[in-house]
Amino acid sequence: MRSQLLSARAAALFASDLSTGSRPGRAAVDAAIATSVRACGGTRGCVATMATAYGDCPELAAPRMRWALSLLEEAPRTFARPLAA
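Residues numbered from 1 in each chain as written. Predicted model: local features only at pLDDT ≥ 70, side-chain atom pairs only at ≥ 80, totals over all residues. Heavy atoms only, no water.

**Remarks on the packing of aromatic side chains**
So, step 1. According to the stated counting rule, one finds one aromatic pair in the structure shown.
So, step 2. Judged by centre distance (6.0 Å) and plane angle (15°), the rings of phenylalanine 14 and tyrosine 54 are stacked. Within this pair, whereas phenylalanine 14 is found in helix α1 (residues 2-14), its partner tyrosine 54 is found in helix α3 (residues 43-56), the two being separated by 40 residues in sequence.
So, step 3. The exposure class of phenylalanine 14 is buried, given its relative accessible area of 5%.
So, step 4. Assessed through its relative accessible area of 32%, tyrosine 54 is described here as partly exposed.
So, step 5. Here the guanidinium or amino end of arginine 64 rests over the ring plane of phenylalanine 14, the centre of that ring lying 5.8 Å away. (Phe/Tyr/Trp six-rings, centres within 6.5 Å; stacked < 30°, edge-to-face > 60°. Helix = DSSP H or I, 4+ residues; strand = E, 2+ residues; numbered from the N terminus. Buried < 20%, exposed > 50% of the residue type's maximum accessible area, 1.4 Å probe, protein only. Lys NZ or Arg CZ within 6 Å of the ring centre and 35° of its normal.)

**Observations regarding the nonpolar core**
So, step 1. If you look at the biggest cluster of nonpolar residues, it comprises 18 residues, and the most contacted ones within it are Leu13, Val29, Ile33, Cys46, Met65 and Leu72.
So, step 2. At the level of secondary structure, the elements contributing two or more residues to this core comprise α1, α2 (26-40), α3 and α4 (58-74).
So, step 3. The contact partners of methionine 65, leaving out residues within four places of it in the chain, are Ala10, Ala11, Phe14, Met50 and Tyr54. (Core = buried A, V, L, I, M, F, W, Y, C linked by side-chain atoms within 4.5 Å. Contact = heavy atoms within 4.5 Å.)

**A word on the pattern of salt bridges**
So, step 1. A full pass over the atoms with the stated rule returns two salt bridges.
So, step 2. Close ionic contact of aspartate 30 with arginine 9 constitutes a salt bridge, the shortest N to O distance being 2.8 Å. A residue pair is termed long-range when its members are at least 10 positions apart, and aspartate 30 in helix α2 and arginine 9 in helix α1 qualify at 21 residues.
So, step 3. Between glutamate 74 and arginine 23 there is a salt bridge, with the nearest N and O atoms lying 2.8 Å from each other. (Salt bridge = Lys/Arg side-chain N within 4 Å of Asp/Glu carboxyl O.)

**What to know about the confidence of the model for the chain**
So, step 1. Looking at the chain as a whole, the pLDDT averages 88, with 86% of positions reaching at least 70.
So, step 2. When pLDDT is averaged over each helix and strand of the chain, the minimum, 92, is found for α1 and the maximum, 96, for α2. (pLDDT = per-residue confidence, 0-100.)

**Regarding the side chain of arginine 64**
So, step 1. Among the structural elements, arginine 64 can be located in helix α4.
So, step 2. Within the buried core, arginine 64 has no salt-bridge partner, and the shortest N-O distance to an opposite charge, that of aspartate 17, equals 6.7 Å.
So, step 3. Ignoring sequence-local partners within four residues, the contact set of arginine 64 consists of Leu13, Phe14, Ser16, Leu18, Ser19 and Thr20. (Lys, Arg positive; Asp, Glu negative; His and termini not counted.)

Here it is as structure tokens:
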């Protein structure tokens, strides 16, 4: 379950408007994830956005996903908050 939540949050963060390489705080990360989920019509929409980016520009998508995962690893307490789908 935790890995599915991590994957969903990472996809939402990937689809967010935050700049790759930025180091926002936990509140900004949570807000960006919530905004992305709403804007994309749910977590599946975030995953679709991510898949499109990997298809169009894989050389940019891979570093963005590493960035998203690193942000989530830095703030593990954010996992206690349920993800709105």
